[in-house]
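The lines below spell out each chain.
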Amino acid sequence: MREFCFGLLLVFLASAAALGEDLEIRNDGWSSGGAAGFQAGFVSGEIAAVRLAPAGPFPCTVERVRFLFGGATGTRTVSVHVWDDGAGSDSPGTELFSGSYQVTASNDVLQEFQLGVSGVSVSGPIRVGIEFTQAGVPSVARDADGLTAGRNFVMAQGAGWLKAESLGVSGDWIIRAMAGCDDSDRFVRGDANADRGTDISDAVAILGYLFLGVDQVTCEQAGDANDDGALDITDAVYVLSFLFTGGKAIGPPVGACGVDPTGHSL
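Cut-offs used in this document
Residues numbered from 1 in each chain as written. Predicted model: local features only at pLDDT ≥ 70, side-chain atom pairs only at ≥ 80, totals over all residues. Heavy atoms only, no water. Helix = DSSP H or I, 4+ residues; strand = E, 2+ residues; numbered from the N terminus. Buried < 20%, exposed > 50% of the residue type's maximum accessible area, 1.4 Å probe, protein only. Contact = heavy atoms within 4.5 Å. Areas by Shrake-Rupley, 256 points an atom, 1.4 Å probe, with all protein chains shown as cover. Lys, Arg positive; Asp, Glu negative; His and termini not counted. Charge placed at Lys NZ, Arg CZ, Asp CG, Glu CD. Salt bridge = Lys/Arg side-chain N within 4 Å of Asp/Glu carboxyl O. Expected span 1.5 Å × (residues − 1). Arc of directions from axis to C-beta. Pairing = 2+ DSSP bridges. Axes fitted to C-alpha atoms, helices over the stretch in contact; angles between N-to-C directions. Phe/Tyr/Trp six-rings, centres within 6.5 Å; stacked < 30°, edge-to-face > 60°. Lys NZ or Arg CZ within 6 Å of the ring centre and 35° of its normal. Core = buried A, V, L, I, M, F, W, Y, C linked by side-chain atoms within 4.5 Å. Disulfide = S-S within 2.5 Å.

Draft legend 1. Spatial organisation of the overall build of the protein. Secondary structure assignment for the protein yields 4 helices and 14 strands. When its C-alpha atoms are laid out on the principal axes, the protein stretches across 70 × 40 × 35 Å. Residues classed as buried in the protein amount to 42% of the 266 residues present. Of the contacts formed within the protein by residues at least 6 apart in sequence, a portion of 75% connects residues at least 24 apart. For the protein, the exposed surface amounts to about 12,200 Å²; the carbon and sulfur share of it is 56%. Here the protein holds 15 positive side-chain charges and 33 negative ones, and the gap between their average locations is 10 Å.

Structure (C-alpha cells):
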C-alpha cells in the first residue's frame, strides 16, 4: 500500500507541473501536527539524506530545501548539501550545492532555506542531505508511516553511505525540495493543436490559424512542421504529405516535449 501511495504522489507532482511553478518534492508522509520522530543517534559530521526525483521537464531549478528539525530546544548550525543522484547508487554523484545555515529547533514547523541566489539547476534525481555539527537532538525528523526503501540514506562516520533501512530507521526523513521546471520553450513538432498526436486535425488547425482567424495553434513552434523557422501554408502541406503520401518525417522534438535543436524561436 505504501508503494502505491508513493506512486500516486509522483503522479500528482508530474500532473501538477505548471509553467515556472515551484513544486514540493518529497518522500515523507508527514503533515504539520502529525506524529514525527527525531533521530538522536547522529554525531557531528554525519548526514541524513533523501533521494528525490523532480518530475521535469528538465532542466529544473531547485530553489529551496525544507526539513523538520527538532526533538529538543536550541539553535544549531547545519550544512545543506545537494548532489546529482542520477546513478541511483548508495553513494551520490557530483555535489551541486553546499551551504551552512542557523536552525532554531521546532517540532512542528518546517525549516526552509534558499539555495544561493539562483538555486541549483538539475537534470534528474537528486540527493538532499543535512549534515550535523553536533551530536544528539535537536536533529532531523522521520515520519511515522514507514520507510520507503532505497530513498533514505545515512552518511555515517567510518562507514560511508548506507541505506537507512540497513540501520533500522523506521520512517522517511522529513527532508524536501522546492523545484521549478520551466517548459516555456518546449513543444512537440507537428502537434499544432496540442492534442498529443499528429493527424489531419493539425493541418486543419494550421490552415485555420493562417487564413480563418481560428486560434487553435497553441504554439507556433509546434506548427512549424517542416522546421524552416516560419509558420505558413507549407507546414500544413508538410503534415498532410507526411500522413498520406509517404512524405518526409517530422523532425524533432517528436513523441515528447523538447526544445528546438535548430534554435528557431517563433
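Draft legend 2. How the structure looks around the pattern of salt bridges. Using the criterion set out here, one finds 11 salt bridges in the structure. A salt bridge links Glu112 to Arg64, with the nearest nitrogen and oxygen atoms 3.0 Å apart. A residue pair is termed long-range when its members are at least 10 positions apart, and Glu112 in strand E8 (residues 111–114) and Arg64 in strand E4 (residues 60–67) qualify at 48 residues. Close ionic contact of Asp85 with Arg127 constitutes a salt bridge, the shortest N to O distance being 3.2 Å. Remark: Arg127 occurs in strand E10 (residues 126–132) and Asp85 occurs in the loop between strand E6 (75–84) and strand E7 (95–104); sequence separation between them is 42 residues.

Draft legend 3. Expanded view of helix H4 (residues 233–244). Spanning 12 residues, H4 covers 17 Å between terminal C-alpha atoms, matching the ideal 16 Å at 1.5 Å per step. The complete set of buried residues in H4 reads Asp235, Ala236 and Val239. Taken around the axis of H4, the buried residues stretch over an arc of 100°, which confines them to a single face. Those residues of H4 that are exposed and aimed more than 90 degrees away from the buried face are Val237 and Phe244. Elements that come into contact with the buried residues of H4 comprise helix H2 (200–212) and helix H3 (220–223). Positive phi appears at Gly246, one or two residues downstream of H4, with a value of about 75°.

Draft legend 4. Expanded view of the sheet that holds strand E3 (residues 47–52). In space, the 6 strands of this open sheet follow the order E7-E6-E10-E3-E12-E13, with antiparallel pairing throughout. Among the strands making up the open sheet, the edge pair consists of E7 and strand E13 (160–163). On average, adjacent strands in this sheet sit at an angle of 25° to one another, irrespective of strand direction. Bridge count between E3 and strand E12 (residues 152–156): 4 bridges; the pairing is antiparallel. Residue pairing for E12: Ala48 is matched across the bridge by Val154.

Draft legend 5. Expanded view of the packing of aromatic side chains. Scanning the model with the defined rule gives 6 aromatic pairs in all. The interplanar angle of 35° and the centroid separation of 4.6 Å between the aromatic rings of Phe42 and Phe132 together place this pair among those described as tilted. Pair noted here: Phe42 is in the loop between strand E2 (36–38) and E3 and Phe132 is in strand E10, with a separation of 90 residues, a long-range link. The pair Phe42 / Phe132 is uniform in exposure class, with both members buried. Feature note: the residues Phe67, Phe69, Tyr101 and Phe113 constitute an aromatic cluster, connected by ring pairs. A cation over a ring is seen here: Arg127 above Phe153, with NZ or CZ 3.7 Å from the ring centre.

Draft legend 6. Layout of the nonpolar core. Core analysis: the biggest nonpolar cluster contains 35 residues, and Phe67, Leu115, Ile126, Val128, Trp173 and Ile175 have the highest contact counts within it. Residue assignment for this core shows that the elements contributing at least two residues are E3, E4, E6, E7, strand E9 (120–122), E10, E12 and strand E14 (175–180). Excluding anything up to four places from it in sequence, Leu115 contacts Val62, Glu63, Arg64, Val65, Val80, Val82, Phe97, Tyr101 and Val120.

Draft legend 7. Highlighting the pairing of E6. With 9 bridges joining them, E6 and E7 adopt antiparallel strand pairing. Paired with Val78 across the bridge in E7 is Tyr101. The pairing of E6 with E10 spans 7 bridges and is classified as antiparallel. Bridge pairing in E10 links Trp83 to Arg127.

Draft legend 8. Just the side chain of Glu46, in detail. Counting through the fold element by element, Glu46 comes out in the loop between E2 and E3. Put simply, Glu46 is tucked away with no salt bridge, and the nearest opposite charge, on Arg142, sits 13 Å away.

Draft legend 9. Main features of the state of the cysteines. Within this structure, the stated rule accounts for 1 disulfide. Here Cys60 engages in a disulfide with Cys181; their sulfurs sit 1.9 Å apart. Since a negative S-S torsion denotes a left-handed disulfide, the Cys60-Cys181 link at about 105° is right-handed. With Cys60 in strand E4 and Cys181 in the loop between E14 and H2, this residue pair connects regions lying 121 residues apart in the sequence. Each member of the pair, Cys60 as well as Cys181, carries the same accessibility label: buried.

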